[in-house]
Amino acid sequence: MKLQYKGEKPFQPVTPSQYPQPKLLEQKPTELLTLTPWLAPIVSEGTFDPELLHRIYQPLNLTVGVTVFAVGKYTQFVQHFLESAEQFFMQGFRVHYYVFTNDPTAIPRVRLGSGRLASIIPIQGHSRWEEISTRRMETISQHIAERAHREIDYLFCLDVDMVFRNPWGPETLGDLVAAIHPGYFAVPRQQFPYERRPLSTAFVAGGEGDFYYGGAVFGGRVARVYDFTRGCHMGILADKANGIMAAWQEESHLNRRFISHKPSKVLSPEYLWDDRKPQPPSLKLIRFSTLDKDTDWLRS
Amino acid sequence: MDPREFWGKSSKFWLCLILLFAVLLGFYSNVFSLISTWQREESQSQDTHSVVLQRMQPEKKESSERDCHLDTCRIPEVPRLVYPKAQLLKPTRVDVLVMTPWFAPIIWDGTFDSAILDAQFRNITVGLTVFAIKKYVVFLKLFLETAEKHFMVGHKVNYYVFTDQPANVPQIPLQEGRQVVVLEVRNYKRWQDISMHRMEMISNFSQQRFLREVHYLVCLDVDMKFSDHVGVEILAPLFGTLHPGFYRGDRQSFTYERRPLSQAYIPRDEGDFYYAGGFFGGSVPEVYRLTMACHQVMMADQANGIEAVWHDESHLNRYLLYHKPSKVLSPEYLWDEHMLQRPPLLRKLRYVAVPKNHAEIRNR
């Protein structure tokens, strides 16, 4: 008998399998917080069982999309990004990379595994790097509406000047996913580099804020990413009309929006690390991190 | 974003081709209503959202919906709130596990902030099912009175009281936005049958009316009372509660059904937790599926001349092993002070057993 509940697929039964029983009464303290106050999981090594998650997610036949922007000199990062993604990103899933660039000829052909595709999408370049950065939200939301919503279930929007160093799997999938910025996970909210001018739509007051999230990693179900990027884009447009640009461009808008639309899953700094920082013992496994680079030259 | 802007960007040739294609497949109408639906004011009705989802994602992609908050299927928006900031390097509880290996939060005091959660779950209606059959009607007064003090305070609640004696349902003063709905049902001679047929009755009414009336269902035992806050922190597509007698134990010691002949059979090397039959719930569709599935397998067992060792609770445990809950409630949410000594890790007792004389109250 079918119930007309509309739109929800039942929980797929998990096949019986051997795995250790969860230990309810932990003897040793966990080092990182594993749940936000609104009960979103904070993902780090040791909080999940990769095998179990694979068993849950594999039968769903999901396709995961990735957007990266390689404009101007940033095209040089594409090869290393894609090669490392081929090794570590969503192994065993269907993946579709969307590479946005102003110079398709500069994008190298990288060998991809089975079930994995790359599409090169031409976009306009800009002389100012801030302009390139703030147009990403608009471009992503348009791309979802025009095309990606038909091709993928989940989408991650990543910076291209980064590399995967360890597995990034279905533990990262969720409705709306944010990643904690590696520079601010141990400081009080007053020290977060939020936009502090009330004129900006990205304004965050002193007593507000949960975590400072990084603009280099966010994602979720494709419909939720559409809502999110569109909301950010609207804020960016309003700021433009008022002649103001937020302190950290779209990252400021992203952070503003994540306060009022709290992510359903948060990735620990394992998923967005800065190799220039010494790795603290509480972070067990760095999975995605920046490449050391000359930022001034790149943005010239 | 004006939909016409999108089409204007394409070249004339592609535009004509795509329009032709779209007309043939109905694609154009899908994308158009998709975009305009997203632009439309967010409506609270399930119908609008389900239509958006249906149009957005073809059949095979709907399986990814399992993560969504059913009531809106969108990320809930919260107003500016003041609350203490969480600290990544300071876990709130170090004495207990607060998240299962499949990312279901395990709800303990200290892990959640009600200010944020109440804002995320505003405008939802919660249905509570409770069965007061034969002598069990005597538990209703205290159950409902304490529910008024502690259960989903500030939210809309429908108490669905299943009973064979509608006249004996007490009149309790209720807060605004809360009502008692009396559902008359048959009784059974054996208390085990009364317990087990709850699954059938909940599944029937889920389809007939709960789906239209509430967003979430919470299915409770009646011989209990609320003694502390039970709020929206429990709500999820599917949740179960840790049985107070087994939260410390090894899976081999869980009183699962161990005879392979029964549909509730669980082998000794399997099992996450032992869930209590007296407190489970979720979104209406998920509770419907669970109760329907349990009812069907109980009928199968009956046809095979076997009854699971702990009746509906055995079948619930099998279901939750293979359909992992999205939240798990700690034993704070179901305790028996007379049977168990309260350990320090239980900072609150929220829903507790009311003493009863088993021999007297059952089968009469």
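Residues numbered from 1 in each chain as written. Chains lettered and ligands numbered in written order. Predicted model: local features only at pLDDT ≥ 70, side-chain atom pairs only at ≥ 80, totals over all residues. Heavy atoms only, no water.

With that out of the way, let us pick up the overall build of chain B. A tally of regular secondary structure across chain B gives 10 helices and 10 strands. Taken across its 364 residues, chain B has 59% of its residues classed as buried. Restricting to contacts in chain B with at least 6 residues of sequence separation, those with at least 24 account for 74%. Looking at chain B as shown, the accessible area adds up to about 15,600 Å², and 54% of this sits on carbon and sulfur atoms. (Helix = DSSP H or I, 4+ residues; strand = E, 2+ residues; numbered from the N terminus. Buried < 20%, exposed > 50% of the residue type's maximum accessible area, 1.4 Å probe, protein only. Contact = heavy atoms within 4.5 Å. Areas by Shrake-Rupley, 256 points an atom, 1.4 Å probe, with all protein chains shown as cover.)

The subject of this paragraph is the UniProt feature "active site" (unreviewed entry) in chain A. Per the UniProt record, the feature "active site" (unreviewed entry) sits at Glu251(A). For Glu251(A), the position within the fold is in helix α5 (residues 250–260). (UniProt positions renumbered as here; feature names shortened; annotations may be inferred.)

Further remarks concern the UniProt feature "binding site: Mn(2+)" (unreviewed entry) in chain B. Residue and element names in this part refer to chain B. The UniProt feature table records "binding site: Mn(2+)" (unreviewed entry) at Asp 221 and Asp 223. Along the polypeptide, Asp 221 turns up in the loop between β5 (216–220) and β6 (224–226). Setting aside anything within four residues of it in sequence, one finds Asp 221 in contact with Val 130, Phe 143, Arg 198, Gly 277, Gly 278 and Tyr 351. At 2.6 Å, the side chain of Asp 221 forms a polar contact with the side chain of Arg 198. Along the chain, Asp 223 falls in the loop between β5 and β6. Setting aside residues up to four positions removed in sequence, Asp 223 forms contacts with Tyr 136, Phe 139, Ala 353, Val 354 and Lys 356. (Polar contact = N/O pair within 3.5 Å; in protein donor to acceptor, adjacent residues only side chain to side chain.)

Moving on to the UniProt feature "binding site: UDP-N-acetyl-alpha-D-galactosamine" (unreviewed entry) in chain A. All names here are of chain A. When the UniProt feature table is mapped to this numbering, "binding site: UDP-N-acetyl-alpha-D-galactosamine" (unreviewed entry) covers Phe 69, Ala 70, Val 71, Tyr 74, Asp 159, Val 160 and Asp 161. The largest pairwise C-alpha distance within this set of annotated residues, which runs over 93 residues, is 11.3 Å, so the set is compact in three dimensions. On the secondary structure map, Tyr 74 appears in the loop between β2 (63–70) and α2 (78–88). Accessibility expressed as a relative area gives 16% for Tyr 74, which makes it buried. When you line up the elements, Asp 161 lands in the loop between β5 (154–158) and β6 (162–164). The class of Asp 161 is buried, set by a relative accessible area of 7%.

Okay, the sheet that holds strand β7 (residues 238–241) of chain B next. Residue and element names in this part refer to chain B. Here eight strands make up an open sheet; going across it, the order is β1-β9-β7-β8-β5-β2-β3-β4 and the pairing mixed. Two strands in the sheet have a free side with no partner beyond their single neighbour: β1 (106–107) and β4 (178–184). Pairing geometry for β7 and strand β8 (residues 279–283), over two bridges, is antiparallel. In the sheet register, Phe 239 faces β8, and the bridge partner there is Gly 281. Against the sheet, helix α7 (residues 191–213) contacts β2 (125–132), β3 (156–163), β4, β5 and β8, and its axis sits at roughly 145° relative to β3. (Pairing = 2+ DSSP bridges. Axes fitted to C-alpha atoms, helices over the stretch in contact; angles between N-to-C directions.)

With that settled, the discussion passes to the pattern of salt bridges. Residue and element names in this part refer to chain B. Per the stated rule, a full pass over the model turns up 34 salt bridges over all chains. Where Arg 93 meets Asp 95, a salt bridge forms, and the shortest distance between an N and an O atom there is 3.0 Å. The class for Asp 95 is partly exposed, based on a relative accessible area of 29%. The partner of Asp 223 in a salt bridge is Lys 356, with the nearest N and O atoms 2.3 Å apart. With a gap of 133 residues between them, Asp 223 in the loop between β5 and β6 and Lys 356 in the loop between β10 (351–353) and α10 (358–361) connect regions that are remote in the sequence. The buried category is assigned to Asp 223, whose relative accessible area is 10%. Each member of the salt-bridge network shares a partner with another, and the members are Asp 109, Asp 228, Glu 332, Lys 348 and Arg 350. (Salt bridge = Lys/Arg side-chain N within 4 Å of Asp/Glu carboxyl O.)

Another aspect to go through is a nonpolar patch on the surface. Residue and element names in this part refer to chain B. On the surface, Phe 13, Trp 14 and Leu 17 cluster together into a nonpolar patch covering about 350 Å² of accessible area. Mapped onto the elements, Leu 17 comes out in helix α2 (residues 12–25). Here Leu 17 falls in the partly exposed class, since its relative accessible area comes to 38%. (Patch = residues over 30% accessible without salt bridge, like charges linked within 9 Å, V, L, I, M, F, W, Y side chains within 5 Å.)

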